[in-house]
Amino acid sequence: MKWAFIDYENTGTLEKIDLSSYDRSFVFLGAKQSKIDLSTKKHTKPLNITVVQIKTTQANNLDFHLAYYLGKLDSTAKPEITLDVISNDKGFTPLVSHIKNNGRVCQQIKPAV
């Protein structure tokens, strides 16, 4: 099983993300983002998407929320679940490394340009 944690504020679109490859996706929207572009792709299976809308504007606020959910779900999810952070933000690298060092398969994926 694979779960995605998508920094939509940073990526700006889901067009280059294969949502069908994830069993669960968490999409984090910034306070100034009012909608999600789900792309025009057809998906091979139903999508399980949770949208987390950040309410206030502040530096790194969305990143802190994504890190909170990532840590919380890392501690409660079954060990066989892979966690992917989808963002171009290098600030997630140490957290992803920490999760990996604690035995979970976790990686950061930068969406194709």
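Residues numbered from 1 in each chain as written. Predicted model: local features only at pLDDT ≥ 70, side-chain atom pairs only at ≥ 80, totals over all residues. Heavy atoms only, no water.

Chemist: Talk me through the overall build of the protein chain; I want residue IDs and the actual numbers.
Modeler: Broken down by element type, the protein chain carries three helices and five strands. For the protein chain, the N- to C-terminal ordering of α and β elements is β-α-β-β-α-β-α-β. Whereas a compact globule of 113 residues would reach a radius of gyration of roughly 13 Å, the protein chain reaches 13 Å, a difference of no more than 12%. When the backbone C-alpha atoms are referred to their principal axes, the protein chain occupies close to 35 × 35 × 25 Å. Buried positions account for 37% of the 113 residues belonging to the protein chain. Taking as baseline every contact in the protein chain between residues at least 6 positions apart, the subset at least 24 positions apart corresponds to 55%. Accessible area of the protein chain: about 6,700 Å², with a carbon and sulfur share of 53%. On the protein chain, the mean spot of the 15 positive side-chain charges and the mean spot of the 11 negative ones are 2 Å from each other. (Helix = DSSP H or I, 4+ residues; strand = E, 2+ residues; numbered from the N terminus. Rg over C-alpha atoms; globule rule 2.2 N^0.38 Å. Buried < 20%, exposed > 50% of the residue type's maximum accessible area, 1.4 Å probe, protein only. Contact = heavy atoms within 4.5 Å. Areas by Shrake-Rupley, 256 points an atom, 1.4 Å probe, with all protein chains shown as cover. Lys, Arg positive; Asp, Glu negative; His and termini not counted. Charge placed at Lys NZ, Arg CZ, Asp CG, Glu CD.)

Chemist: Break down the side chain of Thr82 for me, citing the residues and quoting the values.
Modeler: When you line up the elements, Thr82 lands in strand β4 (residues 82–86). Look at Thr82 and you get buried, because its relative accessible area is 16%. Other than its neighbours up to four places away in sequence, Thr82 contacts Met1, Lys2, Trp3 and Val105.

Chemist: So what's going on with the sheet that holds strand β3 (residues 49–53)? Which residues, and what values?
Modeler: If you walk across this open sheet you meet the five strands as β3-β2-β1-β4-β5, and the pairing is parallel. Edge strands, defined here as strands with exactly one partner in the open sheet, are β3 and β5 (106–109). Averaged over all pairs of adjacent strands, the angle between strand axes in this sheet comes to 15°, irrespective of strand direction. Here four bridges tie β4 to β5, and the two strands are oriented parallel to one another. If you follow Leu83 over to β5, its bridge partner there is Cys106. Packed on one face of the sheet, helix α2 (residues 61–76) meets β1 (2–7), β2 (24–29), β3 and β4 and runs near 165° to β1. (Pairing = 2+ DSSP bridges. Axes fitted to C-alpha atoms, helices over the stretch in contact; angles between N-to-C directions.)

Chemist: So what's going on with the pattern of salt bridges? Which residues, and what values?
Modeler: Under the counting rule described, the total for this entry stands at three salt bridges. For the salt bridge of Lys2 with Asp84, the shortest nitrogen-to-oxygen distance reads 3.8 Å. With Lys2 in strand β1 and Asp84 in strand β4, this residue pair connects regions lying 82 residues apart in the sequence. Exposure remark for Asp84: the relative accessible area of 0% places this residue in the buried category. Among the ionic pairs, Asp23 bridges to Lys45, the shortest N-O distance being 3.6 Å. With Asp23 in the loop between α1 (8–11) and β2 and Lys45 in the loop between β2 and β3, this residue pair connects regions lying 22 residues apart in the sequence. Residue classification places Asp23 among the partly exposed positions, given a relative accessible area of 30%. (Salt bridge = Lys/Arg side-chain N within 4 Å of Asp/Glu carboxyl O.)

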